[in-house]
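# Structural characterization, general
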Amino acid sequence: MITLLDYGAGNVRSVRNAITRLGYTVRDVQGPQDILTAEKLIFPGVGSFGSVMQRLHRDGLVEPLIERIRLNKPFLGICVALQALFEGSEESPGVAGLSILPGQVKRFTDRNLSVPQIGWNGIILHKESPILKDYQEQKLYFVHSYRASVTDVGPDWLLSTTDYGEAFVSGVEKGNVTAFQFHPEKSGEAGLNILKNYLDSQGSDTITVRQSLPVQDKRTHIAKRIIACLDVRTNDQGDLVVTKGDQYDVRNDGEVRNLGKPVELARRYYEEGADEITFLNITGFRDFPMKDQPMLEVLQRTSENVFVPLTIGGGIREFTDSDGKHYSALDVAAEYFRSGADKISIGSDAVYAVEEFLQTGKRSGKSAIEQISMVYGAQAVVISVDPRRVYVHAPEDTDHNTIKTTTPGPQGENYCWYQCTVKGGREGRDIDAVQLAKTCELLGAGEILLNCIDKDGTNSGFDHELIRQVRGAVSIPVIASSGAGSAQHFVDVFKATDVEAALAAGIFHRQEVPVSEVKEAMRRNNIETR
Ligand code: 1PR
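What comes next is a walk through the structure. Owing to the predicted nature of the structure, the values given are computational and were not obtained by experimental measurement.

Criteria and thresholds
- Residues numbered from 1 in each chain as written.
- Predicted model: local features only at pLDDT ≥ 70, side-chain atom pairs only at ≥ 80, totals over all residues.
- Heavy atoms only, no water.
- Helix = DSSP H or I, 4+ residues; strand = E, 2+ residues; numbered from the N terminus.
- Rg over C-alpha atoms; globule rule 2.2 N^0.38 Å.
- Buried < 20%, exposed > 50% of the residue type's maximum accessible area, 1.4 Å probe, protein only.
- Contact = heavy atoms within 4.5 Å.
- Areas by Shrake-Rupley, 256 points an atom, 1.4 Å probe, with all protein chains shown as cover.
- Lys, Arg positive; Asp, Glu negative; His and termini not counted.
- Charge placed at Lys NZ, Arg CZ, Asp CG, Glu CD.
- Salt bridge = Lys/Arg side-chain N within 4 Å of Asp/Glu carboxyl O.
- Pairing = 2+ DSSP bridges.

### What about the overall build of the chain?
- Of regular secondary structure, the chain possesses 16 helices and 30 strands.
- For 530 residues, the compact-globule estimate of 2.2 N^0.38 gives 24 Å, and the C-alpha radius of gyration of the chain, at 23 Å, lies within 12% of that figure.
- Principal axes of the C-alpha set define a box for the chain whose edges measure 75 × 60 × 45 Å.
- Each of the 530 residues in the chain was classed as buried or not, and the buried ones make up 59%.
- When contacts within the chain are restricted to residue pairs at least 6 apart in sequence, those whose partners lie at least 24 apart make up 70%.
- Carbon and sulfur atoms make up 45% of the accessible area of the chain, which totals about 20900 Å².
- Each charge sign in the chain was given a centre, from 58 positive and 71 negative side chains, and these centres are 2 Å apart.

Structure, rendered in structure tokens:
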């Protein structure tokens with residue numbers, strides 16, 4: 001019996017599913033007493049530092065947690081739960097942590113690296129641990145903007161470090177108390193194994209001083225991620241199917257293309273080694289997502305078998321239903337997080353939010369981006385950009401951010417800008433991709449999913465010119481999307497641009513190139529991969 005500290009923020013379903021999958025039963029903390037009496041406790045950190053601490057205070061759990069750790073009772077903290085062991089965090093100034101460990105958790109500072117760190121990185125062990133006893137240098141999934149400093153943690157606690165520009169604390173352990181910055185429940189089979197070691201561990205009444213390992217002269221490296229994307233919608237027969245368009249047109253002879261069932265395909269990509277799965281509910285802009293039970297069910301069922309990050313997009317916005325009941329974008333996102341999503345992706349609503357910001361010059365605090373980022377953290381908010389090329393003869397012909405292109409337009413134009421669209425490419429707006437990406441970063445987005453309507457479904461390779469332009473404009477991670485037709489195209493985009501991840505749909509669905517082949521091509525070309 002494992003006791004889970006679910007304080008109602010973010011995706012705790014994945015931890016729950018992982019524990020169940022490993023053959024254990026989960027019970028929830030009902031009150032402060034459970035923290036002290038639980039045989040084994042898991043504290044999955046989701047949300048920002050401030051919102052986590054606020055909830056612990058609200059539920060009277062701060063003192064019992066400190067007491068439990070002092071009594072050396074089995075404890076596993078994940079992500080923000082590791083950070084909560086410190087005195088405070090730059091993320092939420094003035095909010096006190098549990099102060100088990102000294103120092104403040106700080107934001108990553110290396111300007112050459114995108115923040116948040118999103119992706120698969122290694123760990124270097126500093127001492128022996130029963131939880132990491134069979135760790136074989138596999139990469140594990142991290143997603144965070146703040147990190148604990150190695151200088152704040154003495155050898156009695158320091159378990160592992162990871163490099164992202166600088167070295168930071170990725171694991172602490174003393175006696176039966178362990179915490180990781182990475183997410184074992186999102187780290188595939190390697191992560192499940194780590195979780196299993198904790199669940200199976202016997203613990204010991206005394207604090208065992210574990211052997212320090214020799215200091216190793218090596219660094220860890222974050223992998224470039226490969227993402228499988230499933231565009232999902234209801235077909236004319238009323239079935240929820242994975243579909244795929246050519247330049248966003250998903251119909252063939254009038255019928256919506258049907259490329260398979262979402263849950264089954266997601267599982268196949270997980271087994272083939274996809275680093276992340278994205279579902280886009282492509283008609284979400286017109287359907288009311290809170291009533292979209294099938295999409296929630298897709299997420300719930302997928303998270304039972306898929307232990308890598310899941311993103312869901314389509315229809316994330318505020319909404320008033322026909323009975324006049326109002327749902328904030330936060331309500332809609334919360335439903336998806338509860339169903340197993342780690343990140344939500346915002347398309348059309350991001351364009352409207354940016355338009356408003358550019359008009360007023362002020363943050364309203366009310367946009368979906370701002371609200372969701374505030375509660376769940378920037379790393380949970382992805383912006384899906386659907387741009388299309390607009391050609392011009394010279395940069396002076398437009399106010400937008402142009403590039404000189406090696407693929408001239410129909411009238412021989414040598415310049416273009418990328419016009420953002422809404423409603424699945426149906427409507428162009430007077431905003432370019434650079435304006436959108438930069439403003440969304442300012443409003444609190446943590447990642448850009450950069451599609452390209454001209455390239456979508458063409459199998460002709462990614463649009464490097466667009467990717468370079470947007471990647472150069474922001475300091476959050478960018479996912480290249482649209483146009484992948486071969487494993488070489490992934491190698492090309494990682495060599496030609498600094499993009500952190502690449503996404504494809506058609507080639508995976510049609511089984512033209514399995515994810516594993518993409519990974520092999522990356523390895524042959526010395527591109528860091530999982
Ligand atoms: O506007 O917040 O409701 O979100 C709607 C979401 O649905 C957006 O993320 C938008 O990109 C997506 N979407 C809407 N219509 C379509 C369509 O295809 N008709 N799909 C659509 C976007 C683009 C990628 C695709 C890549 C890779 N699909 O998801 O997977 O282009 O494809 P490829 O590898 O086959 O070239 P909102």
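### Side note on the pattern of salt bridges
- Enumeration according to the criterion identifies 33 salt bridges in this entry.
- A salt bridge links Arg21 to Glu189; its shortest N-O distance comes to 3.9 Å. Taken as a pair, Arg21 in helix H1 (residues 13-21) and Glu189 in helix H6 (residues 188-200) lie far apart in primary sequence, 168 residues in all.
- With relative accessibility at 38%, the residue Arg21 sits in the partly exposed group.
- In this structure, the salt-bridge partner of Lys218 is Glu137, at a minimum N-O distance of 2.9 Å. One end of the pair, Lys218, is in the loop between H6 and strand S14 (225-234); the other, Glu137, is in the loop between strand S8 (124-125) and strand S9 (140-144), with 81 residues separating them in the sequence.
- Given a relative accessible area of 58%, Glu137 falls into the exposed group.

### What to know about the pairing of strand S15 (residues 240-243)
- Relative to S15, S14 runs antiparallel, the two being bridged by four bridges. Directly across from Arg233, in S15, lies its bridge partner Val241.

### Some thoughts on helix H11 (residues 368-376)
- Residues of H11 that are buried include every one of Ala368, Ile369, Glu370, Ile372, Ser373 and Tyr376, and no others.
- Elements in contact with the buried residues of H11: helix H9 (329-338), strand S22 (343-346), helix H10 (348-360), strand S23 (381-385) and helix H12 (433-443).

Nothing here speaks to function; it is all geometry.
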